[in-house]
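Residue-level listing of the chains:
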Amino acid sequence: NGVLYRLEQSVRQQERFVADAAHELRTPLAVLRGSLEACLNRSRSEEEYREVMQTSVAEVDRLSSLIEVLLRSASPQVESAPAIDLEAAIEHAHSRWVDRFAAAGITLDLHLEVATAAIEETEIGVVVDNLLSNALRVSPPESRCLIALKPIPGGGSLISVEDEGPGVP
């Protein structure tokens, strides 16, 4: 029974990893596809093509980093991450998303306090990107979305994404 239980737990862990990996990879791929399809819809200036290519290269870099994070998370060996400035990581995520929110008629605001955490910037980026992707999907036009960061007394940090949509289960 013990062997069967451990085998079942291992299979569930692998299934969870595959589901998580698929979910994490969909957003950057959708951004990349959307940028390239929009670029192909009409003729553009050389500068516009250059901008799309730069955005595409940045998304490919993000996908590569994401794959590294996913592979590390699948590894049984856990390394401790150095403490990073969460303000900079959240500002970076905001800069990646603010234009997409604006294009949908949604204002993306920031409220940041000084906070640090022992996490890789890529990992926190994945978490914030998922929250922002959900917020963008469910927010009505002409609404506001807020990314907030604050330290928690006694240690830790709280990152929240608030929107005016119906919510995500």
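Residues numbered from 1 in each chain as written. Predicted model: local features only at pLDDT ≥ 70, side-chain atom pairs only at ≥ 80, totals over all residues. Heavy atoms only, no water.

Some details on the overall build of the chain
As a reminder of what qualifies: The helix count covers DSSP runs of H or I at least four residues long, the strand count covers runs of E at least two residues long, and both are numbered beginning at the N terminus. A simple rule labels every residue: compare its accessible area, found with a 1.4 Å probe on the protein chains alone, to the largest value its type can have, and call it buried under 20%, exposed over 50%, or partly exposed in between. Contacts are assigned to residue pairs that have any heavy atoms within 4.5 Å of one another.
The helix and strand tally for the chain stands at 4 helices and 5 strands. Going from the N terminus to the C terminus, the chain shows its helices and strands as α-α-β-α-β-β-α-β-β. By principal-axis analysis of the C-alpha atoms, the chain measures approximately 65 × 40 × 35 Å. With 169 residues in all, the chain has 27% of them scored as buried. In the chain, 77% of the contacts between residues at least 6 apart in sequence involve partners at least 24 apart.

Points about the pattern of salt bridges
It is possible for side chains of opposite charge to pair when their charged atoms get near one another. Using the following cut-off: In what follows, salt bridge is the name for a side-chain nitrogen of Lys or Arg lying within 4 Å of a carboxyl oxygen of Asp or Glu.
Evaluated as defined, the whole model comprises 5 salt bridges. When the shortest N-O distance is used, the salt bridge between Asp129 and Arg96 registers 2.7 Å. Remark: Arg96 occurs in helix H3 (residues 86–103) and Asp129 occurs in helix H4 (residues 121–138); sequence separation between them is 33 residues. Residue Asp109 is joined to Arg144 by a salt bridge in which the shortest nitrogen-to-oxygen separation is 2.9 Å. Taken together, the positions of Asp109 in strand E2 (residues 107–112) and Arg144 in strand E4 (residues 144–151) put the pair 35 residues apart, joining distant regions of the chain. The exposure class assigned to Asp109 is partly exposed, which follows from its relative accessible area of 26%.

Let's talk about unusual backbone geometry
Despite not being glycine, Glu142 shows a phi value in the positive range, around 70 degrees. Looking at the element boundaries, Glu142 is found in the loop between H4 and E4.

Topic: the packing of aromatic side chains
Note the threshold: When two rings of Phe, Tyr or Trp (its six-membered ring) have centres within 6.5 Å they constitute a pair, described as stacked for plane angles under 30 degrees, edge-to-face for angles over 60, and tilted for the intermediate range. The rule is short: NZ of Lys or CZ of Arg within 6 Å of the ring centre and within 35 degrees of the ring normal puts a charge over the ring.
As enumerated under the stated definition, the model contains 1 aromatic pair in all. Seen in terms of ring centroids, Trp97 and Phe101 are 6.3 Å apart; in terms of plane orientation they differ by 70 degrees. Their pairing is edge-to-face. Taken as a pair, Trp97 and Phe101 lie in helix H3 at a separation of 4 residues, close to a single helical turn. We note Arg100 situated over the ring of Trp97; from NZ or CZ to the ring centre the distance is 4.0 Å.

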